[in-house]
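Chains, contacts and geometry: an overview
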2 protein chains.
Amino acid sequence: MSSHRIAPAAGRGALAVIFTSLRTAGDGGYAQTAEEMVRLAGEQDGFLGVESARDPAGLGITVSYWRDEAAIKAWKAQADHLAAQAAGKARWYRAYRVRICRVEREYGFEG
Amino acid sequence: MSSHRIAPAAGRGALAVIFTSLRTAGDGGYAQTAEEMVRLAGEQDGFLGVESARDPAGLGITVSYWRDEAAIKAWKAQADHLAAQAAGKARWYRAYRVRICRVEREYGFEG
């Protein structure tokens, strides 16, 4: 699973979707669905990468990178993803915020 | 500490700095410095919010939100932050990537 990796360079002009969430208690199928969504997102046209972290206190941040708005819209409307979004609101998330941002520059370090 | 909260709405045109990192083993003063940096960032002019998660496997994502490039540059050059950046490269991080992005739209959910 790609949740323990830094996503590769997205490139100037790419879109980043920052999904920040607070989980409810318990798993209730969450972990399996989250893993499946990462796998499915990776098959979408225009997908550039994903990185994800969740701390033990329940706050998680997932950033996915996309070529353009059309790619984001197609993923948001993907059938399995729609079902996961509904389950997320009904069971898994106390709150979340989504921010769609355009990459202006990026740099990195490897020790 | 604000690491267990979702940052408030940043607003269209704000800048998001996505800092994704892989830690080395052990603490070595990291946790205390990280907390202090969150506190100091919050005192900077143009700071809009921060959210942060690190999973037990060592991957962390911190997103800070800023009014403009000038605010980001001033924070990057802040003296205590410069020292922390140097210690980060020398001791705390195996790798990191920084992406500066402009917020185009955002939305949220509260259950």
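You'll find the structure just up there.
Anyway, here's the lowdown on the structure attached to this text. (Residues numbered from 1 in each chain as written. Chains lettered and ligands numbered in written order. Predicted model: local features only at pLDDT ≥ 70, side-chain atom pairs only at ≥ 80, totals over all residues. Heavy atoms only, no water.)

Notes on the relation of the copies chain B and chain A
When chain B is fitted onto chain A, the two copies agree to an RMSD of 0.0 Å after a turn of 180 degrees and an axial shift of 0.0 Å. Viewed as a symmetry operation, the transformation between the two copies matches a two-fold axis. A share of 100% of the interface residues of chain B reappears at the interface of chain A, consistent with the copies meeting face to face through the same patch. (Least-squares fit on C-alpha atoms with pLDDT ≥ 70 in both. Contact = heavy atoms within 4.5 Å.)

Some points on the nonpolar core
Of all hydrophobic cores here, the largest spans 26 residues; its most connected members are Ile18 of chain A together with Ile18 of chain B. Leaving out residues up to four positions away in the same chain, Ile18 of chain A has contacts with Ile61, Thr62, Val63, Arg97, Val98, Arg99 and Cys101 of chain A together with Ala16, Ile18, Glu51, Val63 and Tyr65 of chain B. (Core = buried A, V, L, I, M, F, W, Y, C linked by side-chain atoms within 4.5 Å. Buried < 20%, exposed > 50% of the residue type's maximum accessible area, 1.4 Å probe, protein only.)

Here's the deal with helix H2 (residues 69-76) of chain A
Those residues of H2 of chain A that sit buried are Ala71, Ile72 and Trp75 of chain A. Here the buried residues of H2 of chain A occupy an arc of 100 degrees about the axis, which is enough to place them on one side. Opposite the packed face of H2 of chain A, turned more than 90 degrees from it, sit the exposed residues Ala70 and Lys73 of chain A. Structurally, H2 of chain A contributes buried residues whose contacts are with strand S1 (15-23), helix H1 (30-41), strand S3 (59-66), helix H3 (79-92) and strand S4 (93-110) of chain A together with strand S4 (93-110) of chain B. (Helix = DSSP H or I, 4+ residues; strand = E, 2+ residues; numbered from the N terminus. Arc of directions from axis to C-beta.)

Focus: the interface of chain B and chain A
Contact with chain B, which involves 50 residues of that partner, is made by 50 residues of chain A. When the two sides are added together, the surface that chain B and chain A hide from each other amounts to roughly 4,200 Å², 58% of it contributed by carbon and sulfur. Interface area lost by chain B to chain A is led by Arg99, Tyr107 and Phe109 of chain B, which between them contribute 18%. For the pair chain B and chain A, the number of links is 10 salt bridges. Of the charged contacts, one joins Arg105 of chain B and Glu69 of chain A as a salt bridge, the two residues approaching to 2.7 Å between their closest N and O atoms. Only strand S1 (15-23), strand S2 (47-54), strand S3 (59-66), helix H2 (69-76) and S4 of chain B provide two or more residues apiece to the side of chain B that touches chain A. For the side of chain B that touches chain A, the leading source of residues is S4 of chain B, giving 18 residues. Relative to S4 of chain B, S4 of chain A runs antiparallel, the two sharing 15 bridges. If you follow Arg99 of chain A over to S4 of chain B, its bridge partner there is Glu106 of chain B. (Buried area = accessible area lost by both parts, 1.4 Å probe. Salt bridge = Lys/Arg side-chain N within 4 Å of Asp/Glu carboxyl O. Pairing = 2+ DSSP bridges.)

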